[in-house]
Amino acid sequence: MPGAEFDNPTRPVSWQPILMTRVRHRLLLGLAFAGTAAGALFAQPPADSGTILVSLIDRPIGKETFELRADGQGWRFTADLNLLERGGALQFSAALQLDADLSPRRLTAKGRTYRFVNSDVSVEIAEGTARDDQFGETTTGPLPRTFFAALSYAPLASRALLIRYWEKHGRPARLTVVPGPPARTVGIEARGTDSVRVGGRDVRLRRFTVHGVVWGREAVWLDGRGRCAAIVSRIHILPLEAVR
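Definitions and cut-offs
- Residues numbered from 1 in each chain as written.
- Predicted model: local features only at pLDDT ≥ 70, side-chain atom pairs only at ≥ 80, totals over all residues.
- Heavy atoms only, no water.
- Helix = DSSP H or I, 4+ residues; strand = E, 2+ residues; numbered from the N terminus.
- Buried < 20%, exposed > 50% of the residue type's maximum accessible area, 1.4 Å probe, protein only.
- Contact = heavy atoms within 4.5 Å.
- Areas by Shrake-Rupley, 256 points an atom, 1.4 Å probe, with all protein chains shown as cover.
- Salt bridge = Lys/Arg side-chain N within 4 Å of Asp/Glu carboxyl O.
- Core = buried A, V, L, I, M, F, W, Y, C linked by side-chain atoms within 4.5 Å.
- Pairing = 2+ DSSP bridges.
- Phe/Tyr/Trp six-rings, centres within 6.5 Å; stacked < 30°, edge-to-face > 60°.

**Student:** Help me understand the overall build of the chain in this model?
**Tutor:** Secondary structure summary: the chain contains two helices and 15 strands in total. Taking all 244 residues of the chain together, 50% fall into the buried category. Counting contacts in the chain only where the partners sit at least 6 residues apart, residues at least 24 apart contribute 49% of the total. Here the chain has roughly 11000 Å² of accessible surface; of this, 52% comes from carbon and sulfur atoms.

Listed below in structure tokens is the structure:
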């Protein structure tokens, strides 16, 4: 089963064909994929909005809606997660303010991502320092030259922004993420491409692994414009799948 591989984060990813079968059936046929070169990078991320369907242990439990839009000289990303997990409502909202080069400047997140996991976070970043406010307790700390903002498995669509930032800033072996304390580091790897049949044509998706945002290793698929097409992550210790 797909979740078994997460019990050992160092084990090779072997459940990918299972998810790709689900991607074929669940991808919205209206997605406009652009570009054919798997490694193509774009100077700016495309403005985007959409819905990601979420399943837990192969059982649909809800969705995440998101929007990425130009905002002054940078970008603003917002997302709302609405899940029903074992009879309990999970609602979570996040907003991420980014510079033109995708460097984060402000993150706010509030809500419940699991039955006993609540978030109320605000991170302000200025002059190489992060000011982190969680449930009224404030800490500050210095940041390295490259860094990003990632709280937990949610928001799911923001993983595409993390990967695009990593690509745009030289693909560092380890990347610091806030909030903390302490600040965490994540590792990202490009794992090749996969082809899915959508609307009678083959679509190539770039596949990545991300280690350190949640426990274990996530698998993320981006389309030709760098948008999130699918992700396998964790909700607490349970395997979660999300497909656009």
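That was the structure; now back to the text.
**Student:** Just checking my understanding: could you explain the environment of Glu-127 for this structure?
**Tutor:** Among the structural elements, Glu-127 can be located in the loop between strand 6 (117-126) and strand 7 (129-134). C-alpha separation for the pair Glu-127 and Pro-142, spaced 15 residues apart in sequence, amounts to 8.9 Å.

**Student:** Honestly, the pattern of salt bridges in this entry has me stumped. Any pointers?
**Tutor:** Applying the stated criterion across every chain, the model contains 12 salt bridges. Two residues, Arg-171 and Glu-167, come together in a salt bridge whose shortest N-O distance is 3.1 Å. Its relative accessible area of 8% is what places Glu-167 among the buried residues. A salt bridge links Asp-194 to Arg-207, with the nearest nitrogen and oxygen atoms 2.6 Å apart. One end of the pair, Asp-194, is in strand 11 (residues 184-198); the other, Arg-207, is in strand 12 (residues 201-211), and 13 residues separate them in sequence. By relative accessible area, which is 10% here, Asp-194 ends up buried. Accessibility expressed as a relative area gives 13% for Arg-207, which makes it buried. Through salt bridges with shared partners, one network takes in Asp-48, Asp-223, Arg-227 and Arg-244.

**Student:** Is there a simple way to think about helix 2 (residues 159-168) in this case?
**Tutor:** An α-helix turns once every 3.6 residues. As a result, residues three or four positions apart point the same way. Burial runs high along helix 2: nine of the 10 residues are buried. Just downstream of helix 2 lies Gly-170, where phi reads positive at about 90 degrees.

**Student:** Any chance you could explain the nonpolar core here in plain terms?
**Tutor:** Ranked by internal contacts, the top residues of the largest apolar core, which has 56 residues, are Phe-148, Tyr-153 and Ile-235. Counting residues per element, this core draws most heavily on helix 2, which supplies six residues. Residues within four places of Tyr-153 in sequence aside, it is in contact with Leu-81, Leu-83, Thr-113, Arg-159, Val-214, Glu-218, Ser-233, Arg-234, Ile-235 and Leu-240. Of all hydrophobic cores here, the second largest spans 10 residues; its members include Val-198, Ala-229, Ala-230 and Val-232.

**Student:** Mind showing me how you'd approach the pairing of strand 3 (residues 74-85) here?
**Tutor:** Residues in a regular strand point their side chains to alternate faces of the sheet. Here 10 bridges tie strand 2 (residues 59-71) to strand 3, and the two strands are oriented antiparallel to one another. Each residue of the ladder has a partner; that of Phe-66, found in strand 3, is Ala-79. In this sheet, strand 4 (residues 88-98) lies alongside strand 3 in antiparallel orientation, the contact comprising 11 bridges. The residue of strand 4 that forms the bridge with Thr-78 is Ala-95. Linking strand 3 back to strand 4 in an antiparallel pair, the connection comprises two residues, with Arg-86 at a positive phi of about 50 degrees.

**Student:** Help me understand the packing of aromatic side chains in this model?
**Tutor:** The way to describe two aromatic rings as a pair is by their centre distance and the angle between their planes. Evaluated as defined, the whole model comprises three aromatic pairs. Measuring from centroid to centroid gives 6.4 Å for Phe-66 and Phe-77, while their planes differ by 25 degrees, and the two rings are stacked. Separated by 11 residues along the polypeptide, Phe-66 in strand 2 and Phe-77 in strand 3 bring together distant segments of the chain. According to the relative accessible area criterion, Phe-66 is buried, its value standing at 8%. With a relative accessible area of 2%, Phe-77 lands in the buried category.

**Student:** I would appreciate a short explanation of the environment of Leu-84 in the present structure.
**Tutor:** Locating Leu-84 in the fold gives a position in strand 3. Taking the C-alpha atoms as reference, Leu-84 lies 9.0 Å from Pro-60; in sequence the two are 24 residues apart. Excluding its chain neighbours within four sequence positions, the residues that come into contact with Leu-84 are Arg-59, Ile-61 and Ala-89.

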